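Each chain is listed here by its residues.
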Amino acid sequence: MIILGCDFHPSWQQVSWLDTETGETGEQKLVHAEGQAQQFDQELSAPVLIGMEATGNSQWFIELVEDMGHEMWIGDAAQIRASYVRKQKTNKRDAAHILKLLVENRFPRLWAPDREERDLRQLVLHRHKLVVIRARVKNELQHLSLNKGMQRKRKLWSAAGMQLLRELPLKPWASCRHEDLLRLLTMLDEQIGKLDGAVQRAAEENAQAKLLLTQPGVGPNTALAFVLTLGDVSRFRRGKQVASYLGLIPREESSGGRQKLSSITKQGNRMLRSLLVEAAGIAVRYDPQFRREYLHRCHQKPKAIARVAARKLAVRLYWMLRTNTAYPEIVRIESSSGLALVVRHGG
């Protein structure tokens, strides 16, 4: 068997390999534009185990390796760097270090979605990016209306508000900006509407996402994004690990018996975290238990902090998937200290 450590870069990669049967080792730099990576992988006789740090713009290489019948492991980049104690850092050393971790069975492997899940992630991500762009366009239109003394806040997007917005008396270049922004808004609304339909269908076809839709405040986008981001929920032993994975736990700098907590870490999927915060804001209106806890926290902390009930929502969604339990049955299990959470299989 051949074990290979790969230090991947967008234009090239450095590889270091070991043949466990013959003990032969080697290293090589492969330039992507010249097709050296494809040729090198084709010449390798299976089985080959390839280890690589998690990095962007590498999807084509991962799929190439999979198509050739090799096994690809994606590693936690932070843990790989933390295990490297030497101060000298080069591409050759990085590839050799990844190889060493693989050989010594210390490689910090990450869970990776399959191709279908990766493509569905693109659907959810694309919609989210367009929504972010639409929000920026709306903010620009709000500025135009405010500079004309018209403050309607959210009512600006009602039928009456949009009519007033179109009739704003503006100078020539401000009018040009105004018309371009309105056209952009119309185009984005149409595109996001199509994507909303696609997300709705994908969520209804996914059994896990359909289960999460029973929770008040959770819509198709949040449900599908949660399922695709967490993947196999059995890899998390506790809800706290899920909250940490999503960056919803507070930063901590405790020492000498003194505990110091600050804002959330935000070390995780930014898109899912924003969707959870938005969903939590809706859940406090329609979920009685969430609303009680939210109002209780509002007496002690600012509402912006109290809204990080997103953490509790993430933990509940995790247990819904872990136990295959829908709302409101999951609330009864949470509320009863005498009932143990038992993982159900199947269903």
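Residues numbered from 1 in each chain as written. Predicted model: local features only at pLDDT ≥ 70, side-chain atom pairs only at ≥ 80, totals over all residues. Heavy atoms only, no water.

This paragraph deals with the overall build of the protein. Assigned secondary structure in the protein consists of 15 helices and seven strands. Structurally, the protein occupies a C-alpha span of about 75 × 65 × 50 Å along its principal axes. Across the 347 residues that make up the protein, the buried fraction comes to 40%. For the protein, the share of sequence-separated contacts (at least 6 apart) that also reach a separation of at least 24 residues comes to 51%. By element, 50% of the accessible surface of the protein is carried by carbon and sulfur atoms, the whole surface being about 20,500 Å². Counting 53 positive and 37 negative side-chain charges, the protein places the averaged centre of each group 13 Å from the other. (Helix = DSSP H or I, 4+ residues; strand = E, 2+ residues; numbered from the N terminus. Buried < 20%, exposed > 50% of the residue type's maximum accessible area, 1.4 Å probe, protein only. Contact = heavy atoms within 4.5 Å. Areas by Shrake-Rupley, 256 points an atom, 1.4 Å probe, with all protein chains shown as cover. Lys, Arg positive; Asp, Glu negative; His and termini not counted. Charge placed at Lys NZ, Arg CZ, Asp CG, Glu CD.)

Moving on, we come to the pattern of salt bridges. Opposite charge on two side chains lets them pair, provided their charged atoms get close. Tallied over the full model, the rule gives 14 salt bridges. For glutamate 104, the salt bridge is made with arginine 106, and the minimal N-O distance between the two is 2.8 Å. For glutamate 104, a relative accessible area of 38% corresponds to the partly exposed category. Judged by relative accessible area, which is 42%, arginine 106 ranks as partly exposed. Through salt bridges with shared partners, a single network forms among Glu63, Glu66, Asp67, Arg115 and Arg118. (Salt bridge = Lys/Arg side-chain N within 4 Å of Asp/Glu carboxyl O.)

As a further point, take the packing of helix H9 (residues 220–230) against helix H11 (residues 270–286). Closest axis-to-axis distance for the H9/H11 pair is 10 Å, and the angle between their directions is 140°. The orientation of H9 with respect to H11, classified from their angle, is oblique. Crossing hand, H9 versus H11: left-handed. For the pair H9 and H11, contact is made by Asn221, Thr222, Ala225, Phe226, Thr229 and Leu230 and by Met271, Leu272, Leu275, Leu276 and Ala279, respectively. Partitioned by chemical class, the residues of the contact of H9 with H11 number eight nonpolar, three polar and no charged. (Axes fitted to C-alpha atoms, helices over the stretch in contact; angles between N-to-C directions. Parallel < 35°, antiparallel > 145°, perpendicular 65-115°, else oblique. Left-handed = near helix turned anticlockwise from the far one by under 90°. Nonpolar A, V, L, I, M, F, W, Y, C, P; charged D, E, K, R; others polar.)

Moving on, we come to the layout of surface pockets. What the largest pocket holds in volume is close to 1,300 Å³. Considering the residues around the largest pocket, the lining is formed by 36 residues, among which Trp111, Ala112, Pro113, Arg121 and Tyr245 are closest to the centre. Within the residue set of the lining of the largest pocket, elements represented by two or more residues are strand E4 (48–53), helix H2 (59–67), strand E5 (71–75), helix H5 (115–146), H9 and H11. Its residues assigned to classes, the lining of the largest pocket shows 17 nonpolar, nine polar and ten charged. (1 Å grid on protein atoms, 1.4 Å probe; cavity = no way out; pocket = protein on both sides within 12 Å on 5 of 7 lines; lining within 4 Å. Points joined across faces, edges and corners; volume = space filled by probe spheres on them.)

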